[in-house]
Structure formats: C-alpha cells, structure tokens
Amino acid sequence: MLYISESLNQLIEEFSQLPGIGKKSAQRLALYILKLPKEDVLKISQALVNVKERMKYCSICCNFTETDPCGICSSSKREVDTICVVAEPNDVLAIEKTSEYHGVYHVLGGSLSPLEGIGPEDLKVKELLVRICSDVDEVILALNPNIEGEATTIYLSRLLKPLGVKVTRLARGIPIGGDLEFADEATLTRALEGRVVV
Ligand code: ZN
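Throughout what follows, the structure given in this document is the object of discussion.

Remarks on the coordination of the zinc ion
- Protein coordination at the zinc ion comes from Cys58 (SG), Cys61 (SG), Cys70 (SG) and Cys73 (SG), with a distance range of 2.3 Å.
- Classification of the site at the zinc ion rests on its 4 donor atoms, whose angles at the metal span 106 to 117°, yielding the label tetrahedral.
- Linear spacing of the donor residues for the zinc ion on their chain is C-x2-C-x8-C-x2-C. Taken together, the residues Cys58 in the loop between strand E1 (56-57) and strand E2 (64-65) and Cys70 in the loop between E2 and strand E3 (79-86) connect sequence positions 12 residues apart.

Listed below in structure tokens is the structure:
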C-alpha cells in the first residue's frame, strides 16, 4: 500500500489475521484505533496482554480459565456424572446460555480433520479418557454437525463405548454444516433434550 504509513499498515495487517475480519474491516478498525484517545488504546492493549497472561487451560475440562480448576469444574452445583464433550470454548458458552445443562464439560480444542492433518493426538482425547471412571454415567458428544464433527463423534463413540459408559449425541435439529455456537438457545435446548444413544 503506497500511501499508508508503515505503522498503520502493520496494524491493518494484524487485524486482518483475525477470524472473520477482511481487509476492509481491518482498515476500519485500524482507523478507529487511530482516532481513539491514547488512554483508551492503552486499555485495549492491556486487556489483550492480560487475557494472554492470566488465562490458562483448566486441568480437568481443558476449557480456558483464570482459576484452575475452572468455575464449572469446581462448582458443587454441577452434576459431575455427565460430561458434555465440545470442540471449542465457544460451544461451552453457547450451551451455558441455554441454562438447561447442569453437567460438566470437556473441551477437545478442535475436531478431527484428516484434510487439515488434525488427528486424535492433536485434541484433548487422552485427557477425556482419564476422566472416564465409574462415577461417570453419560458422555454427551455435542460436536458440530459437519464432516469434522461427525468424524469426531464416530471416533469418540468407538473409543468410549467399550469403557462401559453411556454415550449420547445431540438430536438433529442444528442445521447441517452449522455451528453450535450460532445455534439459537431453543434449538440447542431441544437438541440437548432429545439426545440419542450412539
Ligand atoms: Zn474445568
């Protein structure tokens, strides 16, 4: 970009690396930042550093947390006999918004994708297996209804069923190819309530 200064160009480049941000949005954000008072920009940059420094993985469910174990894993109100397996932290937020689920979670950190070279060893599968004990009644596989989610569901159900635990999956209803995090709360609640044994 010929007429844009180096520092502004660099900021645009950094923003355009973010998910869902194209070149135009990146330019808009960069110009917005440029117009902000310096103290506001410092607040934003400090928030970025804080989240990176303070957040870690929960040693039980592998979700992001500031305290280990996380608030859900350490809550006495949650039913630890039911583990809901999701791909990403966003999926936990989506299910929590329904207020209908009272069990605990396990965040895999992605889905199986042979095309992208993501295998079981790249996900928190081992960490899930060590949680399966006689106290666990049910594992709900709440993965996205796309090829990767389906592959992960099949892989995990084959792995978990021989361990003698009940394995269920969400009912159909979330649009195929859709994302749990974008499903509305009513749809997600129905999918949870209508879950089926695999
Ligand atoms: Zn946790």
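Section: unusual backbone geometry
- Cis geometry marks the peptide bond from Asp68 to Pro69; its omega dihedral reads -5°.
- Along the polypeptide, Pro69 turns up in the loop between E2 and E3.
- You will see that Ser99, though not glycine, has its phi angle at about 60°, which is positive.
- By the element assignment, Ser99 lies in the loop between helix H4 (89-98) and strand E4 (103-107).

A look at the pairing of E3
- In this structure, E3 lies alongside E4, joined through 5 bridges in parallel fashion. The residue of E4 that forms the bridge with Val86 is Val107.
- The parallel pair E3 and E4, bridged by H4, forms a crossover whose chirality is right-handed.
- Where E3 meets strand E5 (residues 138-141), 4 bridges bridge the pair, whose relative direction is parallel. Paired with Cys84 across the bridge in E5 is Ile140.

Calculation criteria
- Residues numbered from 1 in each chain as written.
- Predicted model: local features only at pLDDT ≥ 70, side-chain atom pairs only at ≥ 80, totals over all residues.
- Heavy atoms only, no water.
- Donors = N, O, S within 2.8 Å, 3.2 Å for Na, K, Ca; no water.
- Tetrahedral: all angles 85-135°; square planar, octahedral: opposite > 155°, others 65-115°.
- Helix = DSSP H or I, 4+ residues; strand = E, 2+ residues; numbered from the N terminus.
- Pairing = 2+ DSSP bridges.
- Right-handed = clockwise from strand over helix to strand, strands pointing away.

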